[in-house]
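If you want the building blocks of each chain, they are given just below.
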Amino acid sequence: MGSLVDFITEWIRQGLIEAITGKFSGIFESVNEQVGEVASQVGQTPQGWNSGVFSMIQTLSETVVLPIAGMILTFVLCYELITMIIEKNNMADFDTFNIFKWIFKTFVAVYILSNTFTIVMGIFELAQNVVNGSAGIISSSLDVNAADVVSDLQGQLEAMGVFELLGLWLETHIISLCMSALSICIFIIVFGRMIEIYLTVSVAPIPLSTMVNREWGTMGNNYLKALFALGFQGFLIMICIAIYSVLIQGIGAADSVHGAIWGVAGYTVLLCFTLFKTGGLSKSLFGAH
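Residues numbered from 1 in each chain as written. Predicted model: local features only at pLDDT ≥ 70, side-chain atom pairs only at ≥ 80, totals over all residues. Heavy atoms only, no water.

Trainee: Which residues make up the overall build of the protein, and what are the values?
Mentor: Secondary structure assignment for the protein yields 10 helices and zero strands. When the helices and strands of the protein are read in sequence order from the N terminus, they spell out α-α-α-α-α-α-α-α-α-α. Across the 289 residues of the protein, 40% fall into the buried class. At a minimum sequence separation of 6, the contacts of the protein that also span at least 24 residues come to 86%. Here the protein displays about 14,900 Å² of accessible surface, and carbon together with sulfur accounts for 68% of that area. (Helix = DSSP H or I, 4+ residues; strand = E, 2+ residues; numbered from the N terminus. Buried < 20%, exposed > 50% of the residue type's maximum accessible area, 1.4 Å probe, protein only. Contact = heavy atoms within 4.5 Å. Areas by Shrake-Rupley, 256 points an atom, 1.4 Å probe, with all protein chains shown as cover.)

Next comes the structure, spelled out in structure tokens:
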């Protein structure tokens, strides 16, 4: 009778161990998939991420926003001309070369407004070159080898009793659900950044129409800073997931399986928090507000 109980107990233990290791491997596979998805999405340009949305935004910008920007540009250029005329004692000390300066400013302003999307996309192309270059350097550290981590914890599982394994099995299921929720948060952050880029790009002609004037030009200057901040936010996101992957790879060295499981959850929460901070940090670094 005793041998039968021992057999059943051992059978339950092995079943729980297999279930725990399988769930634990699934968590790490989810981590790899999640990190890879973030890296691939961040590496996309606005036109490459969704060409249909980009085409719609470009059409709206050129047909709805651009005419308004043209009126603003006309006002800015007239204001620039009037200011230039009256600032030199009502033309008493007026230099005729200033007229050529104003004509040159007008040419530059019209050129900028006519090539708004080219300028904006050039900024994002520059940022994406940085992001893709960083991805080439850190991509080797992004994948977490679940088999190595599970093998490191296998010995600890073998030494546990049935009730401790049962509790651990429940923990893995709870952490798995938490990881699913955190994956949704990361999805919202990454996709929300792309939506913010489209919204910012859609009104590009208006702030760029103010660039040639000293007083009004602060709007255009801040807009360019915001574009650089959005572009290089992708670089900060890549650094965040690289750090996260390195931290996760050290989970196998945890003193206990419980610590390893909750460590995965803790690092993933930390990743979500840092991803939320990348937008504000990038704007702060580039002086955008």
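Trainee: Give me the lowdown on the nonpolar core, citing residues and values where you can.
Mentor: Counting 24 residues, the largest nonpolar core has Val38, Val42, Ile186, Leu271 and Leu275 as its most contacted members. Where this core is concerned, the elements lending two or more residues are α1 (2-42), α7 (162-202), α9 (217-249) and α10 (257-286). Among the elements that make up this core, the one with the highest residue count is α7 (eight residues). Once you skip the residues sitting within four places of it in the chain, Val42 turns out to touch Gln128, Val131, Val190, Arg193, Gly234, Ile237 and Met238. (Core = buried A, V, L, I, M, F, W, Y, C linked by side-chain atoms within 4.5 Å.)

Trainee: Hey, could you go over the pattern of salt bridges for me, with residue numbers and the actual values?
Mentor: With the rule as written, the count across this model stands at one salt bridge. Across the pair Lys283 and Glu196 runs a salt bridge whose closest N-O atoms are separated by 3.3 Å. Residue Lys283 is found in helix α10, and its partner Glu196 is found in helix α7; the two are separated by 87 residues along the sequence. On the basis of relative accessibility, which here comes to 29%, the residue Glu196 falls in the partly exposed class. (Salt bridge = Lys/Arg side-chain N within 4 Å of Asp/Glu carboxyl O.)

Trainee: How would you sum up the packing of aromatic side chains? Please name residues and give values.
Mentor: Going through the model one piece at a time under the given rule, you end up with eight aromatic pairs. Between Phe232 and Phe286, the ring centres sit 5.4 Å apart and the planes meet at 35°, which makes this aromatic pair tilted. In this pair, Phe232 is assigned in helix α9 and Phe286 in helix α10, connecting sequence segments 54 residues apart. What makes Phe232 buried here is its relative accessible area of 18%. In textbook terms, an aromatic cluster arises when at least three aromatic residues are bridged by ring pairs, as seen for Trp49, Phe191 and Tyr198. (Phe/Tyr/Trp six-rings, centres within 6.5 Å; stacked < 30°, edge-to-face > 60°.)

Trainee: Give a description of helix α3 (residues 51-86) that names residues and reports values.
Mentor: With 36 residues, α3 should cover 52 Å at 1.5 Å per step; its first-to-last C-alpha distance of 49 Å lies within 8% of that length. What α3 keeps buried is the set Phe54, Ile57, Ser61, Val65, Ala69, Leu73, Val76, Leu77, Glu80 and Met84. (Expected span 1.5 Å × (residues − 1).)

Trainee: Break down the confidence of the model for the protein for me, with residues and values.
Mentor: In this model, the protein carries an average pLDDT of 76, and 72% of its residues clear a pLDDT of 70 or more. Within the protein, helix α6 (residues 146-158) has the poorest average pLDDT of any element, 62, and helix α8 (residues 205-208) the best, 87. (pLDDT = per-residue confidence, 0-100.)

Trainee: Which residues make up helix α4 (residues 97-114), and what are the values?
Mentor: The first and last C-alpha atoms of α4 sit 26 Å apart over 18 residues, in line with the 26 Å expected at 1.5 Å per residue. All of the buried residues in α4 are Asn98, Thr106, Ala109, Ile112 and Leu113. End-on view of α4: buried residues confined to an arc of 130°, all on one side of the axis. In α4, the exposed residues that point more than 90 degrees away from the buried face are Phe97, Phe100, Phe104, Phe107, Tyr111 and Ser114. (Arc of directions from axis to C-beta.)

Trainee: Quick one: what's the story with a nonpolar patch on the surface, residue by residue and with numbers?
Mentor: On the surface, Ile239, Ile243, Leu247, Leu270 and Phe273 cluster together into a nonpolar patch covering about 430 Å² of accessible area. Among the structural elements, Leu270 can be located in helix α10. (Patch = residues over 30% accessible without salt bridge, like charges linked within 9 Å, V, L, I, M, F, W, Y side chains within 5 Å.)

Trainee: Which residues make up the environment of Leu208, and what are the values?
Mentor: The topology assignment puts Leu208 in helix α8. Excluding its chain neighbours within four sequence positions, the residues that come into contact with Leu208 are Ile112, Thr116, Val120, Tyr223 and Leu224.

Trainee: So what about the packing of α3 against α4? Which residues, and what values?
Mentor: Two packed helices can be described by the angle between their axes and the distance between those axes. Two elements in contact, α3 and α4, have axes separated by 11 Å at closest approach and are oriented at 165°. Here α4 runs roughly antiparallel to α3, going by the angle between their axes. The element α3 and its partner α4 pack so that their crossing is right-handed. Seen from α3, the contacting residues are Leu66, Ala69, Gly70, Leu73, Leu77, Glu80, Leu81 and Met84; seen from α4, they are Asn98, Ile99, Trp102, Lys105, Thr106, Ala109, Val110 and Leu113. Among the residues forming the contact of α3 with α4, the class breakdown is 11 nonpolar, three polar and two charged. (Axes fitted to C-alpha atoms, helices over the stretch in contact; angles between N-to-C directions. Parallel < 35°, antiparallel > 145°, perpendicular 65-115°, else oblique. Left-handed = near helix turned anticlockwise from the far one by under 90°. Nonpolar A, V, L, I, M, F, W, Y, C, P; charged D, E, K, R; others polar.)

Trainee: Run through the side chain of Thr116, naming residues and quoting values.
Mentor: Looking at where Thr116 falls in the secondary structure, it is placed in helix α5 (residues 116-138). For Thr116, a relative accessible area of 3% corresponds to the buried category.

Trainee: Can you break down the environment of Leu271 residue by residue, with the values?
Mentor: Along the chain, Leu271 falls in helix α10. According to the relative accessible area criterion, Leu271 is buried, its value standing at 3%. Remark: the alpha-carbon pair of Leu271 and Ile241, spanning 30 residues in sequence, is separated by 7.1 Å.

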